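Here is how the chains run, residue by residue.
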Number of protein chains: 2
Amino acid sequence: MTGTLYGLGIGPGDPELLTLKAVRILNEVPVLAWPAPLEGDGMARGIAAAHIPPGRIEIAIRMGFTVDRAGTEAAYDRAATEIARHLEAGRDVAVLCEGDPFFFGSFIYLFARLSNRFPVEIVPGVSSIMAAGAALQAPLCAWDDGVAIIPATRSESEIEALLSASDAAAIMKVGRHLPKVRAVLERLGLWDKARIIERVGLPGQRIFHPGAVTELPYFSIILVHRRGQAWL
Amino acid sequence: MTGTLYGLGIGPGDPELLTLKAVRILNEVPVLAWPAPLEGDGMARGIAAAHIPPGRIEIAIRMGFTVDRAGTEAAYDRAATEIARHLEAGRDVAVLCEGDPFFFGSFIYLFARLSNRFPVEIVPGVSSIMAAGAALQAPLCAWDDGVAIIPATRSESEIEALLSASDAAAIMKVGRHLPKVRAVLERLGLWDKARIIERVGLPGQRIFHPGAVTELPYFSIILVHRRGQAWL
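Residues numbered from 1 in each chain as written. Chains lettered and ligands numbered in written order. Predicted model: local features only at pLDDT ≥ 70, side-chain atom pairs only at ≥ 80, totals over all residues.

J.: Just to check I follow, could you spell out the overall build of chain A for this structure?
T.: When you go through chain A residue by residue, the secondary structure sums to seven helices and 10 strands. Relative to the compact-globule value of 17 Å for 232 residues, chain A shows a C-alpha radius of gyration of 19 Å, a close match. Each principal axis of the C-alpha distribution contributes one length, and for chain A these read about 60 × 35 × 30 Å. The 232 residues of chain A split such that 51% are buried. (Helix = DSSP H or I, 4+ residues; strand = E, 2+ residues; numbered from the N terminus. Rg over C-alpha atoms; globule rule 2.2 N^0.38 Å. Buried ≥ 20, exposed ≤ 12 C-beta atoms within 10 Å, placed from the backbone.)

As structure tokens, this is what we get:
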């Protein structure tokens, strides 16, 4: 009997936003893996720390913040090999995933490498876009709104096409792309309606008024709705 | 001191997908409100039932499934009046919300009526689209994908515009709109890549192959990705 690979959504940052199921699995599996920077524990382990019992085997999947595609692939190849050894020995392995494992989650790299050989179970988690709406007290969408989720890395014309086709949007990982994102939102008359938050659910969370923002870190989200605050 | 109004995300259906925070608040607040059909407890209370302590004051917000806009507004007016009475008396009130309160949640009707008079706290929850990806073992999106969330009630041209601008999509509440949705997906060469699920996380959950589906209930979701199963 091989072990089961769990993609474990641990939510956007607040340790109280883990699900009961995620906490149960953390208490049942013998092996945990988590993405991490080159040194230290990283964000995912920090979120789950209070719920990790002592004595677990832990695998750090280490990667620099600006690593290239080849480096990323090599890091996940190594992690998949190490995880596979435990699964082959019949030990369940849970991979800690910030937010939801299948919503822009780096777990997908391991899923692509291991799901053809081992049973996989995904435990969905609270996404940062839901946490952003909650923290901003701004409904993301209602009724029959069309919604776009847009990584700010996309080109100006791609961002504009998605915004133009939707009623509401969440623009993720704004960071250094703020001038481009702002230009599109201003052209569409949406900048004044933007709700802006950085580090949602994490220490140092901050909310900005569109008139007061000059730069944003990587972990920042802009929510925008055509109807502004007329939610319904 | 007035009470606090909680919009309490309770996730997509599995009682184990409540967050620790939602369970804590269910144990702390004296008054609960939940959307319900004309008779019986309804889905939201059913999901949270195992975590509701005895002795709570409970308010059923009753509504027929096909009620019109005026009837909806009147039902929420009545519920807001009843909830406001408890908040004015200093009692906290938690409104049970399937999925996430601010992601197509009916809680937004109460938020619009009460947030200018009482403190509100939103507890984000796991959305049905995240649960659909988990159950289908289908990553919703990765990398810098643009994502569209599309209510199937929208017109064929609106659905096509959103799908054309995005890499991945979740089409919600398909039900009787299946022929229209299918026509658009076939025209865009995406139907064969569709992943289809009904009643995700609820009793009677079923998964369909695109070749085998002829009709779907209201609570059904189609996930589709341009890259098919080449997730990354």
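J.: Would you explain the interface of chain B and chain A in this entry?
T.: By a frequent convention, interface size equals the accessible area lost on bringing the separate parts together. On the chain A side, the residues contacting the 48 residues of chain B number 48 residues. Where the side of chain B that touches chain A is concerned, the elements lending two or more residues are helix 1 (20–28), helix 4 (107–114), strand 5 (120–123), helix 5 (128–136), strand 6 (147–151) and helix 6 (156–165) of chain B. Summarising the sheet, strand 6 (residues 147–151) of chain A and strand 6 of chain B pair through three bridges and their orientation is antiparallel. Looking at strand 6 of chain B, one finds that Val147(A) is bridged to Ile149(B). (Contact = placed C-beta atoms within 7 Å. Pairing = 2+ DSSP bridges.)

J.: Looking at this structure, how should I read the sheet that holds strand 3 (residues 57–62) of chain B?
T.: Strands in a sheet are paired, the pairing made by backbone hydrogen bonds, and the direction either parallel or antiparallel. All names here are of chain B. Read from one edge to the other, the open sheet built from five strands follows the order 3-2-4-1-5, with strand pairing classed as parallel. Of all strands in the sheet, those with a lone pairing partner are strand 3 and strand 5, marking the two edges. When strand polarity is set aside, the average angle formed by the axes of neighbouring strands in this sheet is 20 degrees. Note that strand 2 (residues 31–36) and strand 4 (residues 93–97) share three bridges and pair parallel. Directly across from Val31, in strand 4, lies its bridge partner Val93. This element, helix 1, spans strand 1 (5–9), strand 4 and strand 5 of the sheet and lies at about 135 degrees to strand 1. Taken strand by strand, helix 3 (residues 69–88) contacts strand 1, strand 2, strand 3 and strand 4, and its axis lies near 165 degrees from that of strand 3. (Axes fitted to C-alpha atoms, helices over the stretch in contact; angles between N-to-C directions.)

J.: Would you mind showing me how to read helix 4 of chain B here?
T.: Spacing of three or four residues puts side chains on the same side of an α-helix, whose turn is 3.6 residues. Residue and element names in this part refer to chain B. Across the eight residues that make up helix 4, a large majority, six, are buried. Listed in full, the buried residues belonging to helix 4 are Phe107, Ile108, Tyr109, Leu110, Phe111 and Leu114. Buried residues along helix 4 sit in contact with strand 1, helix 3, strand 4 and strand 5.

J.: What's the story with the relation of the copies chain B and chain A in this structure? I'm lost.
T.: Aligned on chain A, chain B shows an RMSD of 0.0 Å; the corresponding rotation is 180 degrees and the shift along the axis is 0.0 Å. Taken together, the rotation angle and the small translation identify this as a two-fold axis. Distance from the rotation axis, computed per C-alpha, reaches its smallest value in chain B at Thr19(B): 2.0 Å. Same-surface contact between copies: 100% of interface residues of chain B are shared with the interface of chain A. (Least-squares fit on C-alpha atoms with pLDDT ≥ 70 in both.)

J.: Could you clarify how one ought to interpret the sheet that holds strand 4 (residues 93–97) of chain A in this entry?
T.: All names here are of chain A. Spatially, the five strands line up as an open sheet ordered 3-2-4-1-5, and their pairing is parallel. Edge positions in the sheet fall to strand 3 (57–62) and strand 5 (120–123), since each of these pairs with one other strand and no more. If you compare each strand with its neighbour and ignore which way they point, the axes differ by 20 degrees on average. Where strand 1 (residues 5–9) lies against strand 4, five bridges are found, and the strand directions are parallel.

J.: Help me understand the environment of Val126(B), please; the structure alone is not making it clear to me.
T.: With respect to the helices and strands, the residue Val126(B) is situated in the loop between strand 5 and helix 5. Using a count of 32 C-beta atoms within 10 Å as the deciding quantity, one classes Val126(B) as buried. Taking the C-alpha atoms as reference, Val126(B) lies 7.3 Å from Ile10(B); in sequence the two are 116 residues apart. With sequence-adjacent residues up to four places away left out, Val126(B) is seen in contact with Thr19(A), Pro124(A), Gly125(A), Val126(A), Gly11(B), Pro12(B), Leu17(B) and Ala131(B).

J.: For this particular structure, what's the right way to read the domain arrangement of chain A?
T.: All names here are of chain A. Per the domain assignment, the segments making up chain A are domain 1 (5–123) and domain 2 (128–225). Its C-alpha centre places domain 1 at a distance of 28 Å from the equivalent point of domain 2. With five residues of domain 1 at the interface, the matching set in domain 2 holds five residues. (Domains from an automatic or database assignment.)

J.: Just checking my understanding: could you explain the packing of helix 6 (residues 156–165) of chain A against helix 6 of chain B for this structure?
T.: Axis angle and axis distance: for two packed helices, these are the angle between their axes and the distance between the axes, and together they describe the pair. In the contact formed by helix 6 of chain A and helix 6 of chain B, the axes pass within 9 Å of each other and the chain directions differ by 160 degrees. By the angle between their directions, the pair helix 6 of chain A and helix 6 of chain B is classed as roughly antiparallel. As for how helix 6 of chain A packs across helix 6 of chain B, the hand of that crossing is left-handed. Residues Ala161(A), Leu162(A) and Ala165(A) of helix 6 of chain A form the contact with helix 6 of chain B, whose participating residues are Ala161(B), Leu162(B) and Ala165(B). When grouped by side-chain class, the residues that make up the contact of helix 6 of chain A with helix 6 of chain B number six nonpolar, no polar and no charged. (Parallel < 35°, antiparallel > 145°, perpendicular 65-115°, else oblique. Left-handed = near helix turned anticlockwise from the far one by under 90°. Nonpolar A, V, L, I, M, F, W, Y, C, P; charged D, E, K, R; others polar.)

J.: I tried to follow the environment of Ala135(B) on my own but got confused; where do I start?
T.: Residue position: Ala135(B) is located in helix 5. If sequence neighbours within four positions are ignored, Ala135(B) has contacts with Ile197(B), Val200(B) and Gln205(B).

J.: How should the pairing of strand 10 (residues 220–225) of chain B be read in this particular structure?
T.: Walk down a regular strand and you will see the side chains alternate between the two sheet faces. Residues and elements named next belong to chain B. In terms of residue burial, strand 10 counts as a mostly covered element, since six of its six residues are buried. The side-chain alternation of strand 10 yields two buried faces, one formed by Ser220, Ile222 and Val224 and the other by Ile221, Leu223 and His225. Examined bridge by bridge, strand 7 (residues 168–172) and strand 10 share five bridges and lie antiparallel to one another. Counted as the bridge partner of Ala169 is Val224 from strand 10. Relative to strand 10, strand 8 (residues 195–198) runs antiparallel, the two being bridged by four bridges.

J.: Got a minute to help me understand the pairing of strand 3 of chain B in this structure?
T.: Of the pairings in the sheet, the one linking strand 2 of chain B to strand 3 of chain B comprises six bridges and is parallel in character. Pairing of Val31(B) across the sheet is with Ile57(B), part of strand 3 of chain B.

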